[in-house]
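Fold and contact review
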Amino acid sequence: MATSSDLPPLNRQFVAHFGEMGSKWGINRTVGQIYALIFLSERALNADEIAEMLEFSRSNVSMGLKELQAWRLVHLRHHAGDRREYFEAPKDVWEIFRVLAEERRRREIEPTLSMLRNALLESPTSDAERHAQARMREMHDLIDRLMKWFDDVQRLAPETAMQLMGMGATVTKVLTLKDRLTGGASKKSKSPAGED
């Protein structure tokens, strides 16, 4: 069986970094390291191999794998004649990003949008509530627009999405030029706050 000392230094560095970043992304260190190991592996790994390579307890690995499966970030595989379960990460990094973004949206963004929609249906009873509701509407509209944009990007082929991301500064220049030609920027600066 392989152990952590068998991991190449570059792999160890990546696994350690993912563990550290895990807590910042809302997952624990163990889960981050397990995912990094699976992501880098040339073949599917079983729980015993993961536990040996990372020097984790088998129970920690099992819990981590369950969490990664709940996030849909690992695929379960079986090998003929072997009753153990093997795990691998999707090969396409765009697919990993897409799944991670969808899960974060489902767990974090959609509940916030739902709360904001409900709050906007309430009838304000004071100036403070009217002000709060106006601020909530701004937040709702921004998140809603971002989610619609995200849905549009999700429908693009990965190659097209990568091209779009690479065009950041170019798109900004085109929009600035459009505003100059149409006077869009000056119209917006003259309109009162809250009006489009």
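Quick note: structure is the one above.
Residues numbered from 1 in each chain as written. Predicted model: local features only at pLDDT ≥ 70, side-chain atom pairs only at ≥ 80, totals over all residues. Heavy atoms only, no water.

**Description of the side chain of Glu103**
- Relative to the helices and strands, Glu103 resides in helix 5 (residues 93-121).
- Aside from chain neighbours lying at most four places away, what touches Glu103 is Ala70, Trp71 and Arg72. (Helix = DSSP H or I, 4+ residues; strand = E, 2+ residues; numbered from the N terminus. Contact = heavy atoms within 4.5 Å.)

**Details of the pattern of salt bridges**
- Taken as a whole and assessed by the stated rule, the structure comprises 18 salt bridges.
- Salt-bridge contacts for Glu103 lead to Arg72; the nearest nitrogen and oxygen are separated by 2.9 Å. In this pair, Glu103 is assigned in helix 5 and Arg72 in the loop between helix 4 (58-70) and strand 2 (75-79), connecting sequence segments 31 residues apart.
- Its salt-bridge partner being Arg98, residue Glu95 comes within 2.8 Å of it at the nearest N-O pair. With Glu95 and Arg98 both in helix 5 and 3 residues apart, the pair spans about one turn of that helix. (Salt bridge = Lys/Arg side-chain N within 4 Å of Asp/Glu carboxyl O.)

**As for unusual backbone geometry**
- Despite not being glycine, Glu55 has its phi angle at roughly 55 degrees, a positive value.
- Mapping Glu55 onto the fold places it in the loop between helix 3 (47-54) and helix 4.
- Under the relative-accessibility criterion, Glu55 is labelled exposed at 59%.
- Even without being glycine, Arg72 reaches a positive phi, approximately 60 degrees.
- Of the residues examined, Arg72 reaches a relative accessible area of 37% and is grouped as partly exposed. (Buried < 20%, exposed > 50% of the residue type's maximum accessible area, 1.4 Å probe, protein only.)

**Describing helix 2 (residues 29-40)**
- Taking 1.5 Å of rise per residue, 12 residues should cover 16 Å, and helix 2 covers 17 Å from first to last C-alpha, within 8% of that figure.
- Counting buried residues along helix 2, 9 of its 12 residues qualify, which places the element largely inside the surrounding structure.
- For helix 2, the set of buried residues is Thr30, Val31, Gly32, Gln33, Ile34, Tyr35, Ala36, Leu37 and Ile38.
- Turning to helix 2, the residues buried within the fold contact helix 1 (9-22), strand 1 (45-46), helix 3, helix 4, strand 3 (82-88) and helix 5.
- Sitting at the head of helix 2, Asn28 places a side-chain oxygen 3.0 Å from the backbone nitrogen of Thr30. (Expected span 1.5 Å × (residues − 1). Polar contact = N/O pair within 3.5 Å; in protein donor to acceptor, adjacent residues only side chain to side chain.)

**Considerations on the pairing of strand 2**
- Looking at chain direction, strand 2 and strand 3 are connected through 5 bridges and run antiparallel. Bridge assignment links His78 to a residue of strand 3, and that residue is Glu85.
- Taking the residues between adjacent antiparallel strands as the criterion, strand 2 and strand 3 are bridged by 2 residues, where Gly81 takes a positive phi near 75 degrees. (Pairing = 2+ DSSP bridges.)

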